[in-house]
Amino acid sequence: MNPRVFYILLSLAQEERHGYAIAKAVESITDGAVRLTPGTLYPLMRQLLLDGWIVELGEDAHDPRRRRYRLSALGRRVAQAESRRLDALVQVARSFDLLPGGGRA
Amino acid sequence: MRAFFARAILLGYPLEFRAQFGEEILDHLESDPRNAAAQLFDLLRGAIAMHLDTFGRDVSYALRRLRSAPLFVGIVILTFALGIGANVAVFSVFNALVLRPLPFAHAASLVVVESGGALGVLPAVSLPDASDMLTQGHSIADIGTVSTGSDAPTMLVGGKPFALDGIEVSPNYLAMLGIAPELGRGFTAADARPGVHNIIISDEMWRKYFGADPGVLGRAISLDGQPYRIVGILHPHQLLPLPNAEAIAPKDFVMVLPANSTRDRGARMYGAIAVLAPGISIQRANTELALISQRLARAYPLSNVGMSLSVAGLRDLVLQPVLTSLWIVFAAVIGILLITCANVGNMLAARWSSRDRELAIRRALGASTGRIARALLTETGILALIGAVVGVALAQITLQLLSGMIARVLSESVTIGLDLASLSYALAIVVVATLLAGLTPMLALRVGDLQLVLKSAGRGGDSSHGHWVRGALVVVEIALAIALVTVSGLMLRSFIDLVNTPLGIRTTGLVVTNEMTLPIGQRENATAQAAAARRILRHLQALPGVDAAALAVEYPEADMEFEETTPVFGRTYTRENAPWSTADYVSPGYFRVFGERILRGRAFTDADRAGSAPVAIVNERFVAKYLQGLNPIGARVGVVRGPSSHRWTTIVGVVSNERLSITTDTFGDSPVSPELFTPLAQAPQASFSAIVHTRSGDATTVGREVQLAVAQALPSVPPVQTYTIGERIANDTVQARLTTTLLLSLGLIALLLALSGIFGVASFSVTQRVHEFGVRITHGATSTAIVADVLRRILVTTSIGVACGLILAACAASAIVAQLGTISPFDPLTFATVVALIFLTAILASLQPALRASRVEPAESLRYE
């Protein structure tokens, strides 16, 4: 999975957000390492909407220009599956001493 | 400012995306002002990526869809290939003639000098007029003159004679055109000094006769016994503009115009190319030349009254003679392209209509109409592109097949081939064809229809709207086909008319040679010339396949014409009404060989020799034009015997008219020129041609015999070529033949496309109505009634197409009326034939579908339910 897609899914895992808030959240999750500009973010959002991983909730109560999105049930399952895959990968990396806290310690 | 750019970039995104995210993106950009430029750039990149992504999906979607219908795909590609290929082929010719730069430096400022007079405007000038053009005005910076020479000089190589073909030029001619020799030097003024004989030879001649030895530079070669020193060798395939031959062509050699070139102001027999002064347009130059012409007319009334000097673009030299034909063929291929698009549009409409459930499902799953349209256009574009690839290959093959004819029409001056311009044109055509063929059927694909389709998916609902579009497309196809076939039919009729123009001679069993020139030693004195002529005639008459033989300076389709003044004894003339006639010098057998009738008096005999009383024979036209009120037999006319001297000669016979060329139709008011024949024995010539009438049928064998006989009789004369009169006529009419051939092929393609279009509509409509036919047959309808019903519908559509087509055809025919000769542009026979042909095509195309309709099994039809 495209890491940026995963970050978007992560940012929506606990609360619904509008687009700009998603970009902000991703920035803070990654300590500023990943910046999603509109040219990257919204085409991904469109694809997520088309694939049914996220759902649009309508306009933001405070600002009608913003629309709020949340994770769909499918999106949540996809995010969980990806998390498990990453977790398994990390376990393997530990067992090969690529990360601290490996199985042999 | 940033918002403005952002909005502009957003316009590049698909509409649905803009609707969903547009405002939010603008808000986002406002909320996060960091690194604005980078963000905007990213936004732009996103738009491009999204389109590429969509395009990629559409392509793979289209390929998947197309794979499932190979027959359909094959037919569409073939149709596109015909339309695009025809366009690319004709464009290549157009490109070579009109767009590609001429192979001369500063070609834009080069012009051809023309003289206008009673005979029209010709690209020829006299030497004194040419020099006055340069000195009396300011618009011409330089002028170079050229003569294509009269006789082909003979060069001896290893004792064998070869005829060469060269030109004579003023020393500045080559440099003016930016032509520098590959080896050696160009001409300078010093080369024109009397007694200097220098020559520049072509690369081809250098290789053929001198084995490409660079040592030949400075060496002398002998042409007709005169030594010439080779000072330069031209680049390979060097083309030279030859206005007095109305061509741009390669030649064997270039020499300097001899000092004794005629300075007669009335001798407008030289070609001239001029360089316009910087900043001077052709119009401005012509304004000044008109003034100079008036001045010259006042100064030299005898030679210059009524004459005007002018210049024209160098390109006109090759373009003018073929321009009209080129436009007609170009218009025809555009017509073919439109028919192609209508035809493909029709097929696509059928494919995309009701039965295409896949489209309906996509629509139901939320794809917008615009999105579907885009996918379908991609599908069409892929088909057009593959069609173009096949079409370009077809064009290449066609050009190769026609290259012989094209080269003869365009006089070797242009190389026709596919280049970047042709390929760009092909791509442009692909875009146009994609839009035309892809968008029209979408008119039938209204949003509502798609839902209707889904509902009636099982039956394949017939949307009457879609049917209307398809009918209209077939009408367009038929109308265009009628116009095209009519134009090609009219051109065919006028071509048949042209080649059947009576020449006044027999046209079968004749073998002719090109002009042969006697070698040095025999050429100078009349006795030797006469002896050579007798010797050749004896050899020719002895040939087993030859029935009769003759020699002549000119004969019909010989591609030359000499006119001389021929005053009638006892009459006085002014310069304006001086009698001119075509002068020919013939052996006694001439009239018999050509089957011309002696109408009064007698033919020449062997008794008309040097020393006997001078005699002449004139044609009917001469009598009508110059001898009114006189008994022609016994009348005396002046026959030219050298510069401005005549010998009074008695007319002993009047012969029926012969026409010297099938294509020229101007000599005042008649296509036949007044002609005066003199016995070759009384006025021997250094150059003449032989004509034989064959006893048996085989012209090729007799041709070879004639070549051998000439070689035996006169071993020092270069080998001659032989032709049948039919070949000469074919050569003379090659342009009309090429145009007619192309138009007929295009007409045939148009008919085939119309056939397939009508078949498609008929077949589709029958499929739509299977249920109806089933019910009607159950209720007792006969097969005849069903067939009649299907045919009636198609014939109604066809009739509408024919009505539109006739109007279109009449317009097209009026536009080419000048090309039709004696054939009327509204020639009833052609129009009637074309209409009959179209109806026949329509019936042919709908026959199979109609029969299928009449054989519908009632039970079977219910299965469509």
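Scroll up to find the structure.
Residues numbered from 1 in each chain as written. Chains lettered and ligands numbered in written order. Predicted model: local features only at pLDDT ≥ 70, side-chain atom pairs only at ≥ 80, totals over all residues. Heavy atoms only, no water.

A. View of the overall build of chain B. Helix and strand counts for chain B stand at 25 helices and 27 strands. Seen through its C-alpha atoms, chain B measures out along the principal axes to roughly 105 × 80 × 55 Å. Within chain B, buried positions represent 51% of all 865 residues. For chain B, restricting intrachain contacts to residue pairs at least 6 apart in sequence, the fraction spanning at least 24 positions comes to 80%. Just so you have it, chain B exposes about 38,200 Å², and 63% of that area is on carbon and sulfur atoms. On chain B, the mean spot of the 67 positive side-chain charges and the mean spot of the 65 negative ones are 4 Å from each other. (Helix = DSSP H or I, 4+ residues; strand = E, 2+ residues; numbered from the N terminus. Buried < 20%, exposed > 50% of the residue type's maximum accessible area, 1.4 Å probe, protein only. Contact = heavy atoms within 4.5 Å. Areas by Shrake-Rupley, 256 points an atom, 1.4 Å probe, with all protein chains shown as cover. Lys, Arg positive; Asp, Glu negative; His and termini not counted. Charge placed at Lys NZ, Arg CZ, Asp CG, Glu CD.)

B. A look at the interface of chain B and chain A. Across the boundary between the two partners, chain B contributes 25 residues, which contact 25 residues of chain A. Together, the buried faces of chain B and chain A total about 2,200 Å²; carbon and sulfur atoms form 45% of this surface. At the junction of chain B and chain A, the tally comes to six salt bridges. Measuring nitrogen to oxygen at the nearest pair gives 2.8 Å for the salt bridge that ties Glu27(A) to Arg34(B). The tally of links between chain B and chain A comes to 12 residue pairs in polar contact (both at pLDDT 80 or more). Secondary structure elements with two or more residues in the side of chain B that touches chain A: α2 (15-31) and α3 (36-67) of chain B. Per-element tally for the side of chain B that touches chain A: the top contributor is α2(B), with 14 residues. Counted by class, the side of chain B that touches chain A contains nine nonpolar, six polar and 10 charged residues. (Buried area = accessible area lost by both parts, 1.4 Å probe. Salt bridge = Lys/Arg side-chain N within 4 Å of Asp/Glu carboxyl O. Polar contact = N/O pair within 3.5 Å; in protein donor to acceptor, adjacent residues only side chain to side chain. Nonpolar A, V, L, I, M, F, W, Y, C, P; charged D, E, K, R; others polar.)

C. Looking closely at the environment of Leu498(B). Residue and element names in this part refer to chain B. Mapping Leu498 onto the fold places it in helix α15 (residues 464-499). A sequence separation of 472 residues divides Leu498 from Leu26, and the C-alpha atoms of the two residues are 74 Å apart. Setting aside anything within four residues of it in sequence, one finds Leu498 in contact with Ile662, Thr733 and Ala736.

D. Representation of helix α20 (residues 725-732) of chain B within the structure. Residue and element names in this part refer to chain B. Those residues of α20 not exposed but buried are Ile725, Arg728 and Ile729. Buried residues of α20 fall within an arc of 100 degrees about the axis and therefore sit on the same side. The elements touched by buried residues of α20 are β16 (510-513), α17 (590-594) and β27 (722-724). (Arc of directions from axis to C-beta.)

E. Molecular detail of the sheet that holds strand β3 (residues 67-71) of chain A. Strands sit in the order β1-β3-β2 (chain A) across an open sheet of three strands; the sheet is antiparallel. The open sheet has two free edges, formed respectively by β1 (17-18) and β2 (54-59) of chain A, since each of these has just one partner strand. Taken together, the five bridges between β2(A) and β3(A) define a ladder with antiparallel strand orientation. Bridge pairing in β3(A) places Ile54(A) opposite Leu71(A). Against the sheet, α2(B) touches β1, β2 and β3 of chain A, its axis set at about 115 degrees to β3(A). (Pairing = 2+ DSSP bridges. Axes fitted to C-alpha atoms, helices over the stretch in contact; angles between N-to-C directions.)

F. Just unusual backbone geometry, in detail. Positioned with a positive phi, Asp31(A) is a non-glycine residue whose angle comes to about 55 degrees. For Asp31(A), the location among the structural elements is in the loop between α2 (19-29) and α3 (38-51). Notably, Asn35(B) is not glycine yet its phi reads approximately 55 degrees, a positive angle. Look at Asn35(B) and you get exposed, because its relative accessible area is 52%.

G. Summary view of empty space enclosed by the protein. Residue and element names in this part refer to chain B. For the structure on display, the rule yields two cavities of 30 Å³ or more. Looking at the second largest cavity, its volume works out to about 40 Å³. Looking at the second largest cavity, the residues that line it are Ser115, Asp129, Arg268, Ser293, Leu296, Asn304, Met307, Ser308 and Leu309. For the lining of the second largest cavity, the secondary structure elements donating two or more residues are α8 (282-299) and β15 (308-313). (1 Å grid on protein atoms, 1.4 Å probe; cavity = no way out; pocket = protein on both sides within 12 Å on 5 of 7 lines; lining within 4 Å. Points joined across faces, edges and corners; volume = space filled by probe spheres on them.)

So yeah, pure geometry; function would need other evidence.
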